[in-house]
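# Understanding the architecture of this molecule
Spelled out, the chains give:
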Amino acid sequence: MAGRNGRTVRDLRRGNRTAVLQRLYFDGPMSRYELGPATGLSSGSISNVVAELVADGLVEEAGSVDSDGGRPRTLLRVVPGSGHMIGVDVGETRVRVELFDLTLTELARTERPLERQGYEADRSSRRQEYDVDVIVGHIRDGIAEVLAEADIAPERLLGVGIGVPGIVARTPERGAVVHGQTIGWDAVPLESLLRSACELPDAVPYFADNGARTLGQAEMWFGAGRGARNAVVVLFGSGVGACLVTEDVENGRSVEWGHLTVRVRGRRCRCGALGCLEAYAGAEALLDRWREEGGRPPEGTDEETALTAMLAAAYPPEGTEPDRIALAVLEETAEYLGAGLSDLINLFQPERILIGGWAGLQLGSRFLPAVRRYASSYALRYPAQHVTVDLGRLGPDAVTVGAAILPLADFFARGGRRAEPVPTGPSPAWRTALEERAPH
């Protein structure tokens, strides 16, 4: 029976379960007494919901604490092994697959490199083609490997989350479809391809989203963004992207920041356009510019190795002459990044800007002071005075952690109940749980 607001008794029970489960997840262990004011539920509702969650194996006792003059209060916590999620990062240099328990403790991982004959491959086209069948095969094999390593049955999975380059749309017929212009993907039906390739039960849902958004989601829930209501999380790898989180935008939206035009008739970006920020500030472009200016990047290496060599050349041990070309390119890149951040500051006025991604973290200790300085100088004075620019805290695994949050959020939205078998993946309910992010 539906109430005046259209919510049924089933909806109310699911909402109560979600409220208790999320509060214990983020702030537990907690007692029943503490859960009441924390969730706004009555003591009777708390008792009923906790009893259900304990019976379902999702919540367990975790010791006790003394009360004011009464009996000790029993603490409750989420059972780590009551659910498992897989997070996948389809990155620029590798596909990383990680298995987590319900509390996002890593249980197993595997990585499969994306073959490329040195960072300079395909430089003329400025676009790295991702073979769809190869990527799907890497994800399929990685899922099987981590499940076997941790001895987890596929039926115990709450879902598989995948962070990918590009724009992700959903269709009723094919589920998640990826539009990745910079990697040569045009409406790739990734979810349906994975359903055909992976030997997982039909009830295990797949979730795909832009990698910058999954990075942002991880930092907002568990990292340097926690507590902020307005933030931008930047993914700096071979290319650059960003995730915007504001009170006016549903929790976390990927923005194609890397394709902001920073120079009219400038360098060719790998998306095909001229003058994009990514053509100057991405790691791939940064290394290309070093070579074009007369530098000597190591041949036959991947981008991460080449970038490490560039940093070592620009910032050698004391007493050693630096590579002036490498140093100049890095300093110019810091200015491009700072100018790009100033646009985000002026447009969205965030409290925080966080820089992540393998290249961002690698360059961060050298780059950050200069990037801050340029961002402040290019931005309007008032918003620049009210923003902090820092590195993310979750390291290079943040994209996979954020990808694993996607099925976790769906699980919360269902009140801690597993998904039913569906032909094209989960219902939109998981986005609601993402919007109700970790308590501030």
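- In the nomenclature of an unreviewed UniProt entry, the protein chain is known as ROK family transcriptional regulator of Streptomyces triticiradicis.
- Turning to the protein chain, the UniProt annotation filed under Sequence similarities (unreviewed entry) states: "Belongs to the ROK (NagC/XylR) family."

## Topic: the nonpolar core
- Among the nonpolar cores identified, the biggest contains 47 residues, and Trp-257, Met-310 and Leu-341 are the most heavily contacted of them.
- Within the residue set of this core, elements represented by two or more residues are β12 (231-236), β13 (240-245), α7 (278-281), α8 (283-292), α9 (303-314), α10 (324-348), β15 (352-356) and α11 (358-378).
- Examining the composition of this core, we find that ten residues originate from one element, α10, more than from any other.
- Those residues within four positions of Leu-341 in sequence are excluded, and the remaining contacts are Val-234, Trp-257, Ile-353, Ile-355, Val-371, Ala-375 and Val-389.
- Leu-114, Val-188, Tyr-206 and Ala-208 belong to the second largest nonpolar core, which has 32 residues in total.

## Brief notes about empty space enclosed by the protein
- For the coordinates displayed, the defined rule picks out two cavities of 30 Å³ or more.
- For the largest cavity, the calculated volume is near 50 Å³.
- If you trace the largest cavity, you find it lined by Phe-236, Leu-337, Ile-355, Gly-360, Leu-363, Gly-364, Phe-367, Leu-368, Val-371 and Leu-391.
- Tallying contributions element by element places α11 first for the lining of the largest cavity, with six residues.
- Considering only enclosed or pocket space, the second largest cavity measures out at about 30 Å³ in volume.
- Around the second largest cavity sit Val-234, Phe-236, Trp-257, Leu-337, Leu-341, Ile-355 and Val-371, which together line it.
- Classifying every residue of the lining of the second largest cavity gives seven nonpolar, no polar and no charged.

## A few points about the pairing of strand β9 (residues 175-180)
- Where burial is concerned, most of β9 is hidden: five out of the six residues are buried.
- In the sheet, strand β8 (residues 167-171) pairs with β9 via five bridges, with the strands oriented antiparallel. Bridged to Thr-171 within β9 is Gly-175.
- Here β8 hands over to β9 after three residues, the two strands then running antiparallel side by side.
- Sheet topology places β9 next to strand β10 (residues 185-188); two bridges connect them, and they run antiparallel. Residue Val-178 lies in a different strand from β10, and its bridge partner there is Val-188.
- Count of turn residues in the β9/β10 antiparallel hairpin: four residues, of which Gly-184 carries a positive phi of about 80 degrees.

## Here we look at the side chain of Thr-301
- As for its placement among the helices and strands, Thr-301 is situated in the loop between α8 and α9.
- With a relative accessible area of 17%, Thr-301 lands in the buried category.

## Observations concerning the pairing of strand β11 (residues 206-210)
- Most of β11 is tucked away: five of the five residues are buried.
- Pairing geometry for strand β7 (residues 157-164) and β11, over five bridges, is parallel. Paired with Val-160 across the two strands is Tyr-206, which belongs to β11.

## Describing the pattern of salt bridges
- What the rule picks out here adds up to 31 salt bridges.
- Residue Glu-191 is joined to Arg-170 by a salt bridge in which the shortest nitrogen-to-oxygen separation is 3.2 Å. A residue pair is termed long-range when its members are at least 10 positions apart, and Glu-191 in helix α5 (residues 190-197) and Arg-170 in strand β8 qualify at 21 residues.
- We classify Glu-191 as buried; its relative accessible area is 2%.

## As for the layout of surface pockets
- Volume-wise, the largest pocket comes out at about 740 Å³.
- As for the largest pocket, its lining consists of 46 residues, of which Glu-92, Val-164, Pro-165, Gly-166 and Leu-235 are closest to the centre.
- Within the lining of the largest pocket, the residues separate by chemical class into 18 nonpolar, 18 polar and ten charged.
- Each of domain 2 (84-213 + 398-414) and domain 3 (224-393) accounts for three or more of the residues forming the lining of the largest pocket.

Each value, and the rule that gives it
Residues numbered from 1 in each chain as written. Predicted model: local features only at pLDDT ≥ 70, side-chain atom pairs only at ≥ 80, totals over all residues. Heavy atoms only, no water. UniProt positions renumbered as here; feature names shortened; annotations may be inferred. Core = buried A, V, L, I, M, F, W, Y, C linked by side-chain atoms within 4.5 Å. Buried < 20%, exposed > 50% of the residue type's maximum accessible area, 1.4 Å probe, protein only. Helix = DSSP H or I, 4+ residues; strand = E, 2+ residues; numbered from the N terminus. Contact = heavy atoms within 4.5 Å. 1 Å grid on protein atoms, 1.4 Å probe; cavity = no way out; pocket = protein on both sides within 12 Å on 5 of 7 lines; lining within 4 Å. Points joined across faces, edges and corners; volume = space filled by probe spheres on them. Nonpolar A, V, L, I, M, F, W, Y, C, P; charged D, E, K, R; others polar. Pairing = 2+ DSSP bridges. Salt bridge = Lys/Arg side-chain N within 4 Å of Asp/Glu carboxyl O. Domains from an automatic or database assignment.

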